[in-house]
Amino acid sequence: MNSIKKTIALFSIIIITTSLTLFCTMNNQSSEEKVKASFDQELLKLQAVVDDKLLNAVTKKNEAQIKTAFLESRAQYKRMEYYMEYFFPTTAVLINGAPIDEIELGENLIENPTGFQVMEELIYDTPTTENRNELLNEVKKMQLNLQRVARYNEQYTITNAQLFDAMRLELFRITSLGITGFDTPTALQSLPEAAAALEGIKNVITNYDDEKLVNSLKDAMSFLHDNSDFNSFNRLDFMTNHLQPIAAQLDHLRKQLKITTASSGSALNDDATSLFQKDAFNVNKFVSNHTEYISKEKIALGKLLFNSNVLSNGGNRSCASCHHENRAFTDGLVTAQGLNTNKVLLRNTPTLMYAGLQRAFFYDLKAGSLEDQALDVVHHKEEMDGSLEQAAVRINNAKSYQAAFSEAYKDPKGTASPWKIQHALAAYIRSLSPFSSRVDKYMQGDKKQLNAQEKEGFNLFMGKAKCGTCHFAPLFNGTQAPLFQKSEAEVLGVPSKADTANAVIDKDLGRYELNPYPQYKYAFKTTSLRNIAKTAPYMHNGVYKTLEEVLDFYNRGGGAGIGIHLDNQTLSADPLQLTPKETKSIISFLKALDDQ
């Protein structure tokens, strides 16, 4: 009897000791360790939904359950998106990347898309045996990718600086992508999924004891739940009254806790708290040679060279000949004029404003840097017919440039070289990003800058019209927030003439001319819409004279809506159903993007 009592007493001591140990371990965990442990639990929840609900529904071909399980699984993913995108960016693309082929040009490799966005297209399409088998395959690939994340996370040690950076970038991701319908174009679950993403951030903040910030996040989530209609949602109010204040509070908490900033690979400055603040971008992160940074002296030299005929061998053309400052550095022509004034070139002259905040250049993305672009233009027989080597000789023989080169490159001799010329021109173009439009000033706090029509236009642009799913805020070009690591091209189906009755595709094959992949046929870079009121005519071939014509083209569903049938059109072929009043509002907003 005594031995039984002793055994019971011993077991009691073990249980109490183990419980105390676990309790103490939990309490002794750092905030970042708690967040990592919480992510593991959230990942298990996502795996459970995919394994038990989505897979089961697809296997049984129960269409109602498939949609329910899919929406539940992606909402769960959104709660973890801040962490997944930051620590596992490559796997995040496989889980929720865009449903387009990724082509690795150097390796001649085509990566087919996979993940939630591919699933959405399959689920909301008419069910067939083929696409349901494909959906089943997608679910199985999702299971493997989530298992990979679980294994990787075991090896990770994360820091507070990284977590705060991950949350900051997630707020920017919600601003530019999350509430526009970018990754849920068919299901239109942007708003509840944005609420789930904010819930994920809120769960992290609970580990840092900031009740005010937690309440701000709850208010933002409530705003999303109370205003759940996709088309009528007031994105402008949500950004300025919720997302931007939350980002500022998050930064305040970081500083209060004496947590340093982290360098995450984003082109934004590490301490930026708004996509629309004047100093949000670190332009040096767009420089091709990372030992050569921008400076006011290089900008001054670049401007001097930009406006000089010294770069052309004939001494009769400068960069400014085709890029007029009063037209936002375009020329107002349908397509550019060749060096021989009797010949016109193939494409419209693009604006140079905000061109420095891109990852690829020319309409066909053939240049990977502004330096490469300068090289191509100067040497092009029909544009400048020049030579950087010969230009350097001319410059060195003309003493008038010596002081500018000396100041720009800290060279006592002030010697010009082809690289210095390229880099100075690029530095000048990188300086052409003032962020001084009325839209910027409104987002920076001056609520008198936009009228009711312009506000409505912004909300339509970012919502119902789906313009913001290709022209990403805040640059309103194809360089995607929040990392700004890649510039996109789209297949729109642009006609050769402004004719909706007998439309014919423009003969220019775009990216296909350089890289003959079927996906690239008629693909052109998505250019910035900033200063668009000054840059008519529009499209790569200058086919549309007015913004009204451009909006009509998009409203019809691009080329597909005017009778041009392309298997690879990336623009949705569905009409936007914009009313004349809504079209006017969008144009009013676009004009408010002109720099002051």
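In short, a report on the structure. (Residues numbered from 1 in each chain as written. Predicted model: local features only at pLDDT ≥ 70, side-chain atom pairs only at ≥ 80, totals over all residues. Heavy atoms only, no water.)

### A look at the overall build of the chain
Alright, step 1. Of regular secondary structure, the chain possesses 19 helices and four strands.
Alright, step 2. A globule of 596 residues ought to have a C-alpha radius of gyration of about 25 Å, and the chain, at 27 Å, matches this closely.
Alright, step 3. Over its C-alpha atoms, taken along the principal directions, the chain stretches across nearly 110 × 65 × 50 Å.
Alright, step 4. Within the chain, the fraction of its 596 residues that count as buried is 52%.
Alright, step 5. In the chain, once contacts between residues fewer than 6 apart in sequence are set aside, the share between residues at least 24 apart is 67%.
Alright, step 6. Summed over its atoms, the accessible surface of the chain is roughly 27000 Å², and 52% of this surface lies on carbon and sulfur atoms.
Alright, step 7. Distance between charge centroids for the chain: 3 Å, based on 64 positive and 70 negative side chains. (Helix = DSSP H or I, 4+ residues; strand = E, 2+ residues; numbered from the N terminus. Rg over C-alpha atoms; globule rule 2.2 N^0.38 Å. Buried < 20%, exposed > 50% of the residue type's maximum accessible area, 1.4 Å probe, protein only. Contact = heavy atoms within 4.5 Å. Areas by Shrake-Rupley, 256 points an atom, 1.4 Å probe, with all protein chains shown as cover. Lys, Arg positive; Asp, Glu negative; His and termini not counted. Charge placed at Lys NZ, Arg CZ, Asp CG, Glu CD.)

### Some points on the packing of aromatic side chains
Alright, step 1. Within the structure shown, the criterion is met by 32 aromatic pairs.
Alright, step 2. Residues phenylalanine 164 and tyrosine 208 carry aromatic rings whose centres are separated by 5.1 Å and whose planes lie at 80 degrees to one another, so their mutual orientation is edge-to-face. Of this pair, phenylalanine 164 sits in helix 7 (residues 160-178) while tyrosine 208 sits in the loop between helix 8 (190-205) and helix 9 (211-226), and the two are 44 residues apart along the sequence.
Alright, step 3. Taken together, a centroid distance of 5.7 Å and an interplanar angle of 45 degrees make the contact between tyrosine 544 and phenylalanine 553 tilted. Both residues of the pair, tyrosine 544 and phenylalanine 553, belong to the buried class.
Alright, step 4. Ring pairs connect the aromatic residues Phe39, Tyr82, Tyr83, Tyr86, Phe87, Phe88, Tyr152 and Tyr156, which therefore count as one cluster.
Alright, step 5. Directly above the ring of tyrosine 354 sits arginine 530, whose terminal nitrogen or CZ lies 4.9 Å from the centroid. (Phe/Tyr/Trp six-rings, centres within 6.5 Å; stacked < 30°, edge-to-face > 60°. Lys NZ or Arg CZ within 6 Å of the ring centre and 35° of its normal.)

### Here we look at helix 14 (residues 402-409)
Alright, step 1. Buried within helix 14 we find Phe405, Ala408 and Tyr409. Seen end-on, helix 14 carries its buried residues on one side only, within an arc spanning 75 degrees.
Alright, step 2. Buried residues along helix 14 sit in contact with helix 11 (296-306), helix 13 (388-397) and helix 15 (418-430).
Alright, step 3. Of the residues one or two after helix 14, lysine 410 is the one with positive phi, at around 50 degrees. (Arc of directions from axis to C-beta.)

### Some thoughts on the pattern of salt bridges
Alright, step 1. Enumeration over the complete set of coordinates arrives at 28 salt bridges.
Alright, step 2. In this structure, arginine 74 and glutamate 120 form a salt bridge, with 2.4 Å as the shortest nitrogen-oxygen distance. Taken together, the residues span a long stretch of sequence, with arginine 74 in helix 3 (residues 63-87) and glutamate 120 in helix 5 (residues 116-123) at a distance of 46 residues.
Alright, step 3. Accessibility expressed as a relative area gives 2% for glutamate 120, which makes it buried.
Alright, step 4. In this structure, arginine 168 engages aspartate 165 in a salt bridge whose closest nitrogen and oxygen atoms are separated by 2.9 Å. (Salt bridge = Lys/Arg side-chain N within 4 Å of Asp/Glu carboxyl O.)

### A word on the nonpolar core
Alright, step 1. By size, the foremost hydrophobic cluster in this structure holds 154 residues, and its most contacted members are Leu198, Leu305 and Ile421.
Alright, step 2. Looking at this core element by element, the count peaks at 10 residues for helix 3.
Alright, step 3. Those residues in contact with leucine 305 that sit more than four places away from it in its chain are Val310, Leu311, Ile395, Tyr401, Phe405, Ile421, Ala424 and Leu425.
Alright, step 4. The next biggest cluster of nonpolar side chains, apart from the first, holds seven residues, and it includes Leu365, Val491, Tyr522 and Ala523. (Core = buried A, V, L, I, M, F, W, Y, C linked by side-chain atoms within 4.5 Å.)

### Focus on the environment of tryptophan 419
Alright, step 1. The topology assignment puts tryptophan 419 in helix 15.
Alright, step 2. A residue is classified by how much of its surface remains accessible, and tryptophan 419, at 27% relative accessible area, is partly exposed.
Alright, step 3. Along the primary structure tryptophan 419 and alanine 392 are separated by 27 residues, whereas in three dimensions their C-alpha atoms are 9.5 Å apart.
Alright, step 4. The contacts of tryptophan 419, once residues within four sequence positions are left out, are Ser288, Asn289, Glu292 and Glu371.

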